[in-house]
Amino acid sequence: MTTVSEPATIEVLASGTAPYHKIDPDGFREWVRDNKQRALVPKLMTEKEAVQKFVADGDYITYECNYLTRGPNSLLHEIMRQQKKNLWIAGKFTYVDVGMLVGAGCAGKVDTGFFLCTPSVRQALDAGKLEVYEYSNVIMTMRLEAGAQGIPFIPVRSFGGTDGFNHSGAKLITDPYTGQPTVIIPALNPDVAIIHVQQADKFGNARIFGTGISDVPAALASRKVIVSAEEIIDTEEIRSNPGLTKIPYWCVDAVVEAPFAGYPGTVPGYYASDPAVVMEVFASVLRGAVEPYLEKWVFGVNSHQEMLEKNVGVAKLLDMRKRETIRGGLRA
Amino acid sequence: MTTVSEPATIEVLASGTAPYHKIDPDGFREWVRDNKQRALVPKLMTEKEAVQKFVADGDYITYECNYLTRGPNSLLHEIMRQQKKNLWIAGKFTYVDVGMLVGAGCAGKVDTGFFLCTPSVRQALDAGKLEVYEYSNVIMTMRLEAGAQGIPFIPVRSFGGTDGFNHSGAKLITDPYTGQPTVIIPALNPDVAIIHVQQADKFGNARIFGTGISDVPAALASRKVIVSAEEIIDTEEIRSNPGLTKIPYWCVDAVVEAPFAGYPGTVPGYYASDPAVVMEVFASVLRGAVEPYLEKWVFGVNSHQEMLEKNVGVAKLLDMRKRETIRGGLRA
Amino acid sequence: MTRAEAFSEREVAMCTVARMVENGRTYWAAGGGTPLYSILLGKKLYAPEAQYVTEDGVIAPEPMLPYEPMMTMLAARASYRALAWGTMNTAGIYSQLGYMDYGVLNTLQVDRHGNINSTFLGEWGAGGRRMHGPGGADTIAACCWRTILITDQSKRKFIEKVDFISSPGYLDGSEGARERAGLPRNTGPWRVVTPWAMYDYQDRRLRLMARVPWVTVDEILAECEYKPLLAPEIQVLEPPTEEEVQLLRTELDVRGQTTDAAGGWIVWDGEKYIRGGGD
Amino acid sequence: MTRAEAFSEREVAMCTVARMVENGRTYWAAGGGTPLYSILLGKKLYAPEAQYVTEDGVIAPEPMLPYEPMMTMLAARASYRALAWGTMNTAGIYSQLGYMDYGVLNTLQVDRHGNINSTFLGEWGAGGRRMHGPGGADTIAACCWRTILITDQSKRKFIEKVDFISSPGYLDGSEGARERAGLPRNTGPWRVVTPWAMYDYQDRRLRLMARVPWVTVDEILAECEYKPLLAPEIQVLEPPTEEEVQLLRTELDVRGQTTDAAGGWIVWDGEKYIRGGGD
């Protein structure tokens, strides 16, 4: 039992100086009230429609997980094809994806995290076409967690003392309960989240199997949510085991049926990766020669399905599926 | 994008005046380091051993869910049998349980929440034997959520403006990001959590099916954790579907095999309640005549199993099991 | 729809609330009593596409009715065929995020500004009667866009100023009082429903807007400690229908614990409604 | 155990870290490269009851090896037979709570006080070379009880003061600096392992404590920008065994991407170890 003497103020010991995406819990609530469907309304549409409707130039975007693992790649490709501009990217646990988005001319700002900093990213930085603000992976997912709770900030136990702190939106305050210096970080409410899941119904009730990064916080924290799914399942199936639903329909604005959307990466329980193309994208991004990859896999096709048809083929898809032998906990 | 001008301080607009359970994130970390087994060590023991070893007089205790639904009743009864004294109870989503613990002479303080305020509770209050501090159910589970993250406090969007706020550990501050008045509440790290689950292995890896109150936050936030389980399952079974594990072994200090521990309440997927005894306990607590109930169901027996044998019998248990016809999502 | 021949006062309030339930809206039912039964009644008869949560974070269930006694949350039948299962913080967080259109709750006392007391009758810490506390109602009243309060019509319940604010209404009634206390913008009390009447708010003050046919405005005002505002025209509420009370009694509150817990009975004598015994 | 006849510099560092892995301790492996492979090697050969998490919140898996290229987290083989599956915040929260004994990570630069730079070479915002950022390493370095850093022995890496603190060491080296910055009490850098040497800390300053047999202390110091403290006696590390390198090559880093990414080769000529090509 403790009674701490009450300070009339809390000291702010240090503040990061970077711009951060607007924090407006009440405004977010009003967006939810006015835009999120609480009725069970079918939301199936193509990747093209979903991106046209729900991704705007200048949007702050987050995605789960990354290009190589349960990546929402059909949607990422479509965003590049539609040449969305000046996106602000949540660069947590990313790998090749930021380099691709920068190479495709879609990115304006990045909150990092982690991303492969490639020649094209460095060129964009040097040319003043890209700004980077500094966080770390967990700090980014905790920012999303705060956004997913509708609160303006959250205390954390890491990030203090780093130079990232100075180039971020974090603050060091004196905790009014213990009197100890404590870092708080600003909530993150992206404009749009794109998330690839194993199963969803047409309303957006989504099942995710295996480990993840921040699927659920991203879905709750974002104003617009596009879910792509390996399989569309019936709502009866959802109701038969409510314990498997990770994201409820009311968070979701668009549902895209997208088998093999994670190609060339893996979707656990569904298919293994295509190692040759994984190495191809990795090498081309790392070397700054991302254009040929984008030309072949993104701009040279009109849709994800066309890409699978033209560039991949049945034999390879079946082989990827065959090599994914682990099922426990990954299939309903 | 926003850059807010930086205040050197954050204003504390109002502070609740109640004592609150000690907040010490660093001390909690040291407790974890020194006491939580990161090795896979078998922890099976009887309810008697578990309570002797892990519940001390004066402990702050939380439990999931309540006496009527997936209640850790074999452990609650044992705590009363062992006459633990002066417990500080997390009175969130409770029902008859607080009245029982007060009636049994175990309770010294309650953070509420919600509990049936019965004649015996009122007598204890009037006699100065019981203190009550004011929160609400969600404020209590959010306090546990903060405790489960190892942070000293968390902002919330409710509780402001209530008289509960004044008799609590909450504060109203000016959010340094939006400038808006924002309530923060103190983290809660109980001394002990008792949680009844459907399945656990001998190390404490626990599966919980159906809805819940705050099982996982309670397990993470508490220094000592006793899990009782309807069934002990093999660790091979746990590893076959890691997606079903809600509480990992390293949080758990004791595992008690306890079929029908939720009696007279229900454990979803396993058995329905015993309506007659549910009404019996409800009526006796509400009328302040809790002693006969305790005498029959708690003090008059030496263990939960003896209670089942002497007071319930096979036919009734089989009938409760039979009446629980719903399985979807509730059985692995 | 057929006129119900006889019904309890508590049934009247529940039927009134049931008719307010809308398709495509979300409801958080406080606890598992009259609020939950009112929503279920409305969902079954009028608005099948209304969705609700309870404190255990169940999302949009299709419960297997009737419930066993006291088993309205967490039990298998109560969470049956939900779209998702969660926890108390699930309910809390979706309401913080603005996903909950309506909160439905009940209380011991409500005051002029819609503040709710379920904690203490008398002066806290200085003698009086301790009650059960807010439960989830504080968060419901703080974060749902609109709250519907169910209570009984009684001078002891409709009071000038509650002894203890367990769950927030418009606080001191001044503009922006909720926001200054840290609560979300543009939320607050919306309706109060009793077996006799319905109230809304004008400038954050309780206003009588409707009555049941068998009770006069004066009788209602006699059961308020203070005089609430009056709408320019006091509407007359439709009495319960046979379908409503049958459903309530056969599928929902089959043991009558909720509906019969308080209040007298009303009987249709062929020409008019007559208030019977009880109370 | 048999002496390995030939091995790469990177393999040396991984084998050294593998031998530090203890039963009954928890490890958070940064990313999926040398830290993860070092822990797996230690777990397979020396400490089967060591448990680990990665950034995707997998808890104590028994992965199906080898991994496919770049598939060391989130993939089915990587999370196989875990005791629980979580998310990044799972890993973050358990480390905040003090459940992670050791963090194992790698970096571009480390300074005298164990601060780590993986963000920027040069002056941030004023020209220089942008790198990939801390990833999960910031939280590992902040919250695990002890951190083990793997890096190469090079003047460009062992520098007086890092250009940018991506993940915290002892900051300015003063007592209590981490606590004043909001970090948990009694945490911080513990060991640095390179293909040539091992370091600990004395009074929060890096101290050379051991070397491999084929490199002298002077050679090591020549690959530090500043002179680290020296332990009273510099121990000699055991070279890799045949079991270790075989396991590394056949089950873990089967494509050699991690172990061959940098450094030369060391060969046993029958009498002594000889440093070969590469570098």
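Numbers given to residues run from 1 along each chain, matching the order in which its sequence is written. Each chain is given a letter, starting from A, and each ligand a number, starting from 1, according to the order in which they appear as written. Owing to the predicted nature of the model, reporting of local features is limited to residues with pLDDT of at least 70; listing and counting of side-chain atom pairs is limited to 80 or more, with chain, interface and lining totals taken over all residues. Here the side-chain values reflect all heavy atoms present in the structure, with hydrogen atoms and water set aside.

### Quick look at the relation of the copies chain B and chain A
Aligned on chain A, chain B shows an RMSD of 0.0 Å; the corresponding rotation is 180° and the shift along the axis is 0.0 Å. Taken together, these values place the two copies in the relation of a two-fold axis. Closest to the rotation axis within chain B is the C-alpha of B:Ile10, separated from it by 2.4 Å. Superposing the copies works by least squares over the C-alpha atoms of residues that have pLDDT at least 70 in both of them.

### Thoughts on helix H1 (residues 25-35) of chain B
Along an α-helix, residues three or four positions apart point the same way, because every turn accommodates 3.6 residues. Whether a residue is buried, partly exposed or exposed follows from its accessible area with a 1.4 Å probe, protein chains only, as a fraction of its type maximum: under 20%, in between, or over 50%, in that order. Secondary structure elements are taken from DSSP: a helix is a run of H or I of four residues or more, a strand is a run of E of two residues or more, and numbering for both begins at the N terminus. Along H1(B), the positions that sit buried rather than exposed are B:Pro25, B:Asp26, B:Gly27, B:Phe28, B:Arg29, B:Glu30 and B:Val32. Residues are treated as being in contact if the distance between any of their heavy atoms lies within 4.5 Å. Against helix H8 (215-221) of chain B together with helix H3 (88-96) and helix H4 (137-143) of chain D lie the buried residues of H1(B).

### Observations concerning the interface of chain A and chain D
Contact with chain A, which involves 56 residues of that partner, is made by 52 residues of chain D. A 1.4 Å probe defines the accessible area here, and the buried area is the portion of it lost by two parts on being joined, summed over both. With both chains or domains summed, chain A and chain D bury close to 4300 Å², and 62% of this area falls on carbon and sulfur atoms. The largest per-residue losses of area from chain A upon contact with chain D belong to A:Arg157, A:Thr211 and A:Ile326, which jointly make up 17% of the total buried on that side. Each reported salt bridge corresponds to a side-chain nitrogen of Lys or Arg within 4 Å of a carboxyl oxygen of Asp or Glu. In this assembly, chain A and chain D are joined by 2 salt bridges. Here A:Glu134 and D:Arg130 are joined by a salt bridge, their closest N and O atoms 2.3 Å apart. Think of a polar contact as two N or O atoms within 3.5 Å of one another; within protein, one of them needs to be a possible hydrogen donor and the other a possible acceptor, and neighboring residues in sequence only count if both atoms come from side chains. The interface formed by chain A and chain D holds 19 residue pairs in polar contact (both at pLDDT 80 or more) in total. At the level of elements, helix H5 (119-126), strand S5 (131-134), helix H6 (137-149), helix H7 (163-166), strand S8 (181-186) and helix H10 (275-286) of chain A are the ones that each hand at least two residues to the side of chain A that touches chain D. Taken together, the residues of the side of chain A that touches chain D sort by class into 27 nonpolar, 22 polar and 7 charged. Charged residues are taken to be Asp, Glu, Lys and Arg, nonpolar residues to be Ala, Val, Leu, Ile, Met, Phe, Trp, Tyr, Cys and Pro, and polar residues to be all remaining types, Gly included.

### What about the packing of H6(A) against H3(D)?
Think of each axis as a best-fit line through the C-alpha atoms, taken over the contacting stretch in the case of a helix, with angles from 0 to 180 degrees between the N-to-C directions. Between H6(A) and H3(D), whose axes approach to 9 Å, the crossing angle comes to 105°. Relative to H3(D), the element H6(A) is oriented roughly perpendicular. Facing H6(A), whose interface residues are A:Asn137, A:Val138, A:Thr141, A:Met142 and A:Glu145, H3(D) presents D:Met88, D:Asn89 and D:Gly92. Working rule for angles: under 35 degrees goes down as roughly parallel, over 145 as roughly antiparallel, 65 to 115 as roughly perpendicular, anything else as oblique.

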